[in-house]
Structure formats: structure tokens, C-alpha cells
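Inside the fold
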Amino acid sequence: TDVIDMFEAPLETPSLTINSLGNIGIGTDSPESTLHVQGSLCVRDTGDCGTTAGTIYATTASVSDIDLAENYRVSDPSIEAGEIVALATSSNATIKRAERGDTALGIVSTAPGLLLGQDIANSKPVALKGRVPLKVNMEGGPIAIGDEIILSSEAGVGTRATTTSKKVAIALEPADEDGVIEVF
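Residues numbered from 1 in each chain as written. Predicted model: local features only at pLDDT ≥ 70, side-chain atom pairs only at ≥ 80, totals over all residues. Heavy atoms only, no water.

**Section: unusual backbone geometry**
Our working rule: Working definition: helices are DSSP H or I runs of at least four residues, strands are E runs of at least two. Numbering for both runs from the N terminus.
Notably, Ala-93 is not glycine yet its phi reads approximately 50°, a positive angle. Within the fold, Ala-93 resides in the loop between strand S8 (84-87) and strand S9 (94-97).

Below is the structure:
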């Protein structure tokens, strides 16, 4: 096997490994991903870092995608990004496509900047904060920037609020036909 190992005495595990796939391991001799750090990671331009294993210490961080989401198990695998979801009462921490009368949990994200619960099987990312696309219809009339969005009579789809129903989002762009808009 084509492996490059660098040791620093008296360590028995290499301090740096590059395997035949090009994966780099720091503190491990069997990197499982492109960069595998066993320990803590410090990304700073000044100051000290902590040493707690599994922790990333950073002065600043930048995320290119624009929402924070958490994975929830789904009761229906056909649920898609841009749909409004609610908790399914038949199973713990499981979501379903929201219907009128449900309390909306959130909107299924397309590409979260930060995703919590990545290891949850049979799941979808539900946006907790940030901008996401949302499927909308014209049941409440044309949507203007700043309009409050509520759940429409169509499961999983939003519409302009014309009642005092609990809002799901705020429109960040207008719509005058059924489709997908960006909301917060």
C-alpha cells in the first residue's frame, strides 16, 4: 500500500499519514475522509486554542450556504425540499408533510450551510434559521416581499397570510403564480 507516515518520537501512531487514496490523517494512521483529524483542530490567526478532542477552535468561520438545519426522521420518504413539515404524532422526532391544523415545525432545506444530526437515517434537513426555498401557491393571492406566509390548504405548501393563522415564514421575494420562492 502506498502510505506515507511521519512519526514524532516517542509516538507509536503516526502524527501525519497520507494513504494511497490521498486521504490525510493527523493523529490517525487510517484516515477515513479527505482530511481526518483525530484530536482537536485549531484555525486561528492569533491567540491560544483548546485541546478538547473532537472540537474545532476558530477565530472566525464562513459558511457559503445560508441556513442552519437539523435532520429529522421522515414518515414519508417523498417529502421534498421546500415543503412545510410538522411533527408526526405516530413516532418520536419524526416529521410529516404539514397539513392545515398542524403546528408547522419548519421547512425542508435544500443545502444547509450547517447540518445537525447528519447520522440520522431516513431523514430530511429541517431549516432552523436562515433563508430557504419554499413551495407556494396563490390561494392567498399574489405574494409581495415581506408578506407573512402560512400553511395553505395544500399539504406542505405555503401561501400569503390572509388570516391570523400562525406564520411559517416571511417572503424574501414576490410571486404571482404557484412555484418556489426564497423565505426566512
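Additional details are given in the paragraphs that follow.
**Quick word on a negative patch on the surface**
So the rule is basically this: Think of a patch as exposed residues, more than 30% relative accessible area, with no salt bridge, where like charges cluster within 9 Å and nonpolar side chains (Val, Leu, Ile, Met, Phe, Trp, Tyr) cluster within 5 Å. Here the open area of atoms and residues is found with the Shrake-Rupley method and a 1.4 Å probe, where only the protein chains shown may cover a residue. One side-chain nitrogen of Lys or Arg within 4 Å of one carboxyl oxygen of Asp or Glu is enough to make a salt bridge. Note on charges: Lys and Arg go in the positive column, Asp and Glu in the negative column, and His and the chain ends are not counted at all. Charge positions come from single atoms, namely NZ of Lys, CZ of Arg, CG of Asp or CD of Glu. The buried label goes to any residue with under 20% of its type's maximum accessible area, the exposed label to any with over 50%, and the partly exposed label to all in between, with areas taken from a 1.4 Å probe on protein chains only.
Side chains of Glu-154, Asp-176, Glu-177 and Asp-178 sit close together on the surface and give a patch of like negative charge. Within the secondary structure, Glu-154 is located in the loop between strand S14 (148-151) and strand S15 (158-160). Residue class for Glu-154 comes out partly exposed when judged on its relative accessible area of 43%.

**Looking at the layout of surface pockets**
For clarity, the threshold we go by: Of the two site types, the cavity is a set of points on a 1 Å grid over the protein atoms alone where a 1.4 Å probe fits but cannot get out, and the pocket is an open set with protein on both sides within 12 Å along at least five of seven lines, each lined by residues with an atom within 4 Å of a point. Grid points are joined across faces, edges and corners, and a volume is the space filled by probe spheres set on the points. Here the term charged refers only to Asp, Glu, Lys and Arg, the term nonpolar to Ala, Val, Leu, Ile, Met, Phe, Trp, Tyr, Cys and Pro, and the term polar to all other amino acids, Gly among them.
In this structure, the largest pocket spans a volume of roughly 370 Å³. Around the largest pocket sit 16 residues that line it, and Ala-127, Leu-128, Val-168, Ala-169 and Phe-184 are the ones nearest its centre. Put simply, the parts of the chain that give the lining of the largest pocket at least two residues each are strand S10 (104-107), strand S12 (123-130) and strand S16 (169-170). For the lining of the largest pocket, the residue count by class is 11 nonpolar, 2 polar and 3 charged.

**Some words on the state of the cysteines**
Rules: The disulfide criterion is simple: two cysteine sulfur atoms within 2.5 Å.
In this structure the tally under the stated criterion is 1 disulfide. Two residues, Cys-42 and Cys-49, share a disulfide whose sulfurs are 1.6 Å apart. When its relative accessible area of 41% is taken as the criterion, Cys-42 is described as partly exposed.

**Quick word on the environment of Asp-119**
Mapped onto the fold, Asp-119 is located in the loop between strand S11 (114-116) and S12. Judged by relative accessible area, which is 79%, Asp-119 ranks as exposed. Residues Asp-119 and Asn-71, 48 residues apart in the sequence, show an inter-C-alpha distance of 8.4 Å.

**Side note on the nonpolar core**
The line we're drawing: The definition of a nonpolar core used throughout is a set of buried Ala, Val, Leu, Ile, Met, Phe, Trp, Tyr and Cys residues joined through side-chain atoms within 4.5 Å. We call two residues in contact whenever any of their non-hydrogen atoms come within 4.5 Å of each other.
If you look at the biggest cluster of nonpolar residues, it comprises 16 residues, and the most contacted ones within it are Ile-107, Leu-134, Ile-143, Ile-149, Ile-181 and Val-183. With 3 residues, strand S13 (residues 132-136) is the single largest residue contributor to this core. Among all residues touching Ile-107, those that are not within four sequence positions of it are Gly-82, Glu-83, Ile-84, Pro-125, Val-126, Ala-127, Val-132, Pro-133, Leu-134, Val-168, Ala-169 and Val-183. Counting 7 residues, the second largest nonpolar core, distinct from the first, contains Tyr-72, Val-74, Val-85 and Val-108.

**Considerations on the environment of Leu-114**
Among the secondary structure elements, Leu-114 is positioned in strand S11. By relative accessible area, Leu-114 is classed as partly exposed at 46%. For the pair Leu-114 and Pro-125, spaced 11 residues apart in sequence, the C-alpha to C-alpha distance is 10.0 Å.

**Focus on the side chain of Arg-97**
Here is the rule: Within 3.5 Å is the distance limit for a polar contact, defined as a pair of N or O atoms, with the added protein rule that one can donate a hydrogen and the other accept it, and that residues adjacent in sequence qualify only through two side-chain atoms.
For Arg-97, the location among the structural elements is in strand S9. Here the side chain of Arg-97 touches Glu-83 through a polar contact of 3.1 Å, side chain to side chain. For Arg-97, the residues in contact, after removing those within four places along its chain, are Asp-76, Ser-78, Ile-79, Glu-80, Glu-83, Ile-84, Val-85, Asp-102, Ala-155 and Gly-156.

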